[in-house]
Amino acid sequence: MGGDSATSNDEGDRSLRSPKVFERRGLLFGISGELRVGQLIRHVYEVPAPKRARTPNSSFVRDLCGGLRTFMKEHADDLLPSLDNEDEIWQL
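Every value quoted in this text rests on a predicted model; they were computed, and no experiment measured them.

1. Topic: the overall build of the protein
Stage number 1. Counting its secondary structure elements, the protein contains 2 helices and 6 strands.
Stage number 2. Ordered by position in the sequence, the α and β elements of the protein form the string β-β-β-β-β-α-α-β.
Stage number 3. With 92 residues in all, the protein has 25% of them scored as buried.
Stage number 4. Pairs at least 24 residues apart make up 35% of the contacts formed inside the protein by residues separated by at least 6 positions.
Stage number 5. Carbon and sulfur atoms provide 46% of the accessible area of the protein, an area that totals close to 7,000 Å².

2. Regarding the packing of aromatic side chains
Stage number 1. Evaluated as defined, the whole model comprises 2 aromatic pairs.
Stage number 2. Measuring from ring centre to ring centre gives 5.6 Å for Phe-22 and Phe-29, while their planes differ by 15 degrees; the resulting arrangement is stacked.
Stage number 3. For Phe-22, a relative accessible area of 6% puts it in the buried group.
Stage number 4. Overall, Phe-29 belongs to the buried group, its relative accessible area being 5%.
Stage number 5. Ring plane angle 55 degrees and centroid distance 5.0 Å describe the contact between Tyr-45 and Phe-71, whose orientation is recorded as tilted. Placement of Tyr-45 in the loop between helix 1 (35-43) and helix 2 (56-75) and of Phe-71 in helix 2 is noted, with a sequence separation of 26 residues between them.
Stage number 6. Tyr-45 sits in the buried class, given a relative accessible area of 5%.

3. Focus on the pairing of strand 1 (residues 6-9)
Stage number 1. By the bridge criterion, 4 bridges tie strand 1 to strand 2 (residues 12-15) in an arrangement that is antiparallel. The residue of strand 2 that forms the bridge with Ala-6 is Ser-15.

4. Describing the side chain of Asp-63
Stage number 1. Considering the arrangement of structural elements, one finds Asp-63 in helix 2.
Stage number 2. Using a relative accessible area of 14% as the deciding quantity, one classes Asp-63 as buried.
Stage number 3. A distance of 2.5 Å separates the side chain of Asp-63 from the side chain of Arg-54, its partner in a polar contact.
Stage number 4. Not counting the four nearest positions on each side in its chain, Asp-63 is found in contact with Tyr-45, Pro-48, Lys-51, Arg-54 and Ser-58.

5. Details of the side chain of Ser-59
Stage number 1. Counting through the fold element by element, Ser-59 comes out in helix 2.
Stage number 2. The class for Ser-59 is buried, based on a relative accessible area of 8%.
Stage number 3. Sequence-distant contacts of Ser-59, defined by excluding residues within four places in its chain, comprise Pro-50, Lys-51, Arg-54 and Leu-64.

6. Considering the confidence of the model for the protein
Stage number 1. Taken as a whole, the protein shows an average pLDDT of 81; of its residues, 88% reach a score of 70 or greater.
Stage number 2. Averaged pLDDT values over the elements of the protein bottom out at 62 in strand 6 (residues 90-91) and peak at 90 in strand 3 (residues 21-24).

How each quantity is defined
- Residues numbered from 1 in each chain as written.
- Predicted model: local features only at pLDDT ≥ 70, side-chain atom pairs only at ≥ 80, totals over all residues.
- Heavy atoms only, no water.
- Helix = DSSP H or I, 4+ residues; strand = E, 2+ residues; numbered from the N terminus.
- Buried < 20%, exposed > 50% of the residue type's maximum accessible area, 1.4 Å probe, protein only.
- Contact = heavy atoms within 4.5 Å.
- Areas by Shrake-Rupley, 256 points an atom, 1.4 Å probe, with all protein chains shown as cover.
- Phe/Tyr/Trp six-rings, centres within 6.5 Å; stacked < 30°, edge-to-face > 60°.
- Pairing = 2+ DSSP bridges.
- Polar contact = N/O pair within 3.5 Å; in protein donor to acceptor, adjacent residues only side chain to side chain.
- pLDDT = per-residue confidence, 0-100.

Structure, rendered in structure tokens:
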């Protein structure tokens, strides 16, 4: 997996020192949009270990995604999209 090191806003483009693609607990993460989400996942979020009794897909959906949503509600609720808003400010 690869990613660029650029970010842009109304004021222009700039290069980042931190990668937008990173590894945690054997999983690769790539972030676009709001960089704070990537910082939280990379440095704060406790990525759960996959459960042996589950398939990788099941573990991803049940443990990683569910836990990440709970984590984001606690640490960065303002970055979660509202249910009635189709515009997302970040993607993982």
